[in-house]
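Observations on the three-dimensional arrangement
Here is how the chains run, residue by residue.
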Amino acid sequence: MLLRLADLVERDAEQLAVLDTLDNGKPIERARGDVELGLQAIRHFAGTPTRLEGTVHAAGPDRHVYSVREPVGVVAAVLPWNFPFMIAAWKLAPALAAGCTIVVKPAEQTPLTALRLAALCLEAGVPEGVVNVLTGDGRTGAELVAHPGVAKVSFTGSTEVGRHIMTAAAPSLKRLTLELGGKSPNIVFADADLDAAVPNAVRAVFGHSGQMCTAGSRLLVERTIVKEFLDRLVPAVEALRIGPGLTGGINIGPLVSQEQYDRVTGYVELGRAEGAEVAVGGEPLPGPGWFVPPTVFTEVTPDMRIVREEIFGPVAAILPFDSEEEAIALANDSEYGLAAGVWTGSLARAHRTAAALEAGTVWVNTYNEFDPAVAFGGMKQSGLGRDLGDAAVDGFTELKSVTIAL
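Residues numbered from 1 in each chain as written. Predicted model: local features only at pLDDT ≥ 70, side-chain atom pairs only at ≥ 80, totals over all residues. Heavy atoms only, no water.

1. Digging into the overall build of the protein
Operational definition: Only DSSP runs of H or I covering at least 4 residues are called helices, and only runs of E covering at least 2 are called strands; the numbering of each starts at the N terminus. Type-normalised accessible area, obtained with a 1.4 Å probe on protein chains alone, sets the label of each residue: buried when under 20%, exposed when over 50%, and partly exposed for intermediate values. By definition, residues are in contact when any of their heavy atoms lie within 4.5 Å.
Along the backbone of the protein there are 14 helices and 18 strands. Expressed as lengths along the three principal axes of its C-alpha atoms, the size of the protein is roughly 75 × 45 × 40 Å. Across the 406 residues that make up the protein, the buried fraction comes to 53%. Put simply, 71% of the contacts in the protein that link residues at least 6 apart link residues at least 24 apart.

2. Quick look at helix H7 (residues 159-169)
Rules: Arc definition: directions from the helix axis to the C-beta atoms.
Among the residues making up H7, those that are buried are Thr159, Gly162, Ile165 and Ala169. The buried residues of H7 occupy one face: seen down the axis, they fall within an arc of 110 degrees. The exposed set on the far side of H7, more than 90 degrees from its buried face, consists of Glu160, His164 and Thr167.

3. Brief notes about helix H4 (residues 84-97)
Formally: A helix is expected to reach a length of 1.5 Å times the quantity of its residues less one.
In this model, H4 (14 residues) spans 20 Å end to end at C-alpha, consistent with the 20 Å of a helix rising 1.5 Å per residue. The buried fraction of H4 amounts to 14 of the 14 residues, a majority that puts the element mostly inside the structure.

4. Overview of a nonpolar patch on the surface
As a reminder, the rule being used: Patch criteria: residues need more than 30% relative accessible area and no salt bridge. Like-charged residues are merged within 9 Å; nonpolar side chains of Val, Leu, Ile, Met, Phe, Trp and Tyr are merged within 5 Å. All accessibility values rest on the Shrake-Rupley procedure with a 1.4 Å probe; residue burial counts only the protein chains present in the view. Whenever a carboxyl oxygen of Asp or Glu lies within 4 Å of a side-chain nitrogen of Lys or Arg, that contact is scored as a salt bridge.
Nonpolar side chains collect at one region of the surface, where Val56, Tyr66, Ile404 and Leu406 lie side by side and expose about 380 Å² of accessible area between them. Positionally, Leu406 belongs in the segment after strand S18 (397-405).

5. Focus on unusual backbone geometry
Positive phi is not limited to glycine here, since His208 has a value of about 50 degrees. By the secondary structure assignment, His208 is in the loop between helix H8 (194-206) and strand S9 (218-222). One non-glycine residue, Ser209, lies in positive phi territory at about 55 degrees. Relative to the assigned elements, Ser209 resides in the loop between H8 and S9. Overall, Ser209 belongs to the buried group, its relative accessible area being 1%.

6. Examining the nonpolar core
Our working definition: Only buried Ala, Val, Leu, Ile, Met, Phe, Trp, Tyr and Cys residues count toward a nonpolar core, and they belong to the same one when joined by side-chain atoms within 4.5 Å.
Residues Leu5, Val9, Leu92, Ile102 and Val131 are the most contacted members of the largest nonpolar core, which totals 62 residues. Secondary-structure elements contributing two or more residues to this core are helix H1 (2-11), helix H2 (13-24), helix H3 (28-46), strand S3 (74-78), H4, strand S4 (101-105), helix H5 (112-124) and helix H14 (389-395). At eleven residues, the largest contribution of residues to this core is made by H4. Setting aside residues no more than four positions away along its own chain, Val9 makes contact with Leu16, Val35, Leu39, Ile42, Phe85, Leu117 and Leu120. Core analysis: the next-biggest nonpolar cluster, separate from the first, contains 27 residues, Leu255, Val307, Ile311 and Val315 among them.

7. Overview of the packing of H8 against helix H9 (residues 226-238)
Selection rule: All axes here are fitted lines through C-alpha atoms, helices being fitted over the stretch that makes contact, and every angle between N-to-C directions spans 0 to 180 degrees. Should an angle fall under 35 degrees it is called roughly parallel, over 145 degrees roughly antiparallel, and 65 to 115 degrees roughly perpendicular, with every other angle called oblique. By convention the crossing between two helices is left-handed if the near helix lies anticlockwise of the far one by an angle smaller than a right angle, and right-handed if it lies clockwise. Residue classes follow a fixed rule: Ala, Val, Leu, Ile, Met, Phe, Trp, Tyr, Cys and Pro count as nonpolar, while Asp, Glu, Lys and Arg count as charged, and any other residue, Gly among them, counts as polar.
Axis separation between H8 and H9 bottoms out at 10 Å; the angle between their running directions is 50 degrees. Considered as vectors, H8 and H9 are oriented oblique to each other. The element H8 and its partner H9 pack so that their crossing is right-handed. Residues Leu194, Asp195, Val198, Ala201, Val202 and Phe206 of H8 pack against Glu228, Phe229, Arg232, Leu233, Ala236 and Val237 of H9. Residues belonging to the contact of H8 with H9 are distributed by class as follows: nine nonpolar, no polar and three charged.

8. Considerations on the sheet that holds strand S10 (residues 277-280)
To keep it simple, the criterion reads: For two strands to be treated as a pair, DSSP must find no fewer than two bridges joining them.
In space, the seven strands of this open sheet follow the order S10-S11-S12-S9-S8-S14-S15, with mixed pairing throughout. Sheet topology places S10 and strand S15 (361-364) at the edges, where each strand pairs with a single neighbour. Strand-to-strand, the axes of this sheet are offset by a mean angle of 25 degrees, without reference to chain direction. With three bridges connecting them, S10 and strand S11 (residues 295-298) associate as antiparallel partners. By the bridge assignment, Val280 is partnered in S11 with Val296.

9. Some remarks on the pairing of S4
Applicable threshold: Seen with its strands pointing away from the viewer, a crossover is right-handed if its path from the first strand over the helix to the second goes clockwise.
Among the five residues in S4, four count as buried, and that is most of the element. As for the winding sense of the linkage, the β-α-β connection from S3 through H4 to S4 is right-handed. Here three bridges tie S4 to strand S5 (residues 131-133), and the two strands are oriented parallel to one another. Bridge pairing links Val104 to Val133 in S5. After leaving S4, the chain enters H5 and then returns to the sheet as S5, a path that is right-handed.

10. Side note on the sheet that holds S4
One open sheet holds the six strands; their spatial order is S5-S4-S3-S6-S7-S17, and the pairing between them is mixed. Edge positions in the open sheet fall to S5 and strand S17 (383-384), since each of these has one partner strand only. With respect to the sheet, helix H6 (residues 138-146) is in contact with S3, S4 and strand S6 (152-156), its orientation differing from that of S4 by roughly 160 degrees. Contacting S6, strand S7 (175-179) and S17, H7 crosses the sheet at an angle of about 180 degrees to S7.

Okay, here's the thing in structure tokens:
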């Protein structure tokens, strides 16, 4: 069924991308990429049932001991508004592969692709009632999370909401996967290839208008190359095209809502009030539409709120450092631990920094690269459990051990 579903998603990929862009405004090229990542996950997890094996610990004439994985039960998948189709696929495919039924709760801003995905599931032959979509706002999500019939909650969203879900799940000890917020460092060492580091740093923080939990919004740059880095970064940011997502050729679309627009512009003003300097951007654009230009702050300090708090918009802060040890200390000086980037020409440094960074995912000389076989999730206040990979499937199962004496 998952293979048939993948074929149908591939058939309707353009429709699904357009629906995502209509819902949240992201550039259509980005939406197409998101649908492709979701499609890859569905195809990958179609092979999972053949890999779900038990373990035999002892098998003799008087004793059998083995362990098996069983479906955890009914799963509530609560989705964010920034990647509605992709995250739906990331949760639905492993849950179905593990043998669970699922209730998908899309964000109230972006319900269209979840509804379309459910229709494709029916077309693929998934029995009625196995995949369900429940629309509504946060009150609907709260009712679903607290429902006694739900055994597992898989949530992607803000850390604040994640804490509420943990509280609601506590009375019945529901199983949880929480992929939460981030304030990810992107470290550029002096030996980095700036021809690759600069454009990737731009994409890492300004892709989808910065509305990404993995956004590399803390740009840590070795002091000896800060000027050269800025000389390259500012014109690259100024060259980004801003406009409606369906226009084509757009780099920065609108923010998802008036609420998000007010939040992001408020942080830009806060940065100025804290004493940071704007190297590029900083002025909201006239309407219609919730457009905020990509903004880069310099002259920042690690204690500023624009450095410590997740803005979830196209805003970056540059912090200089003088040594590898200082870079790691600055990177880890955060309550979040979702992702991190490192740019260096040294393989030894790549391994050292990857080991030292407190993040669930570390990208070296690349950024925001995902593989459905590779687990994704955070440390510290960025959540618990993992999407993708075998770890995701394990999260939708319970391990049962059996000992039989004959």
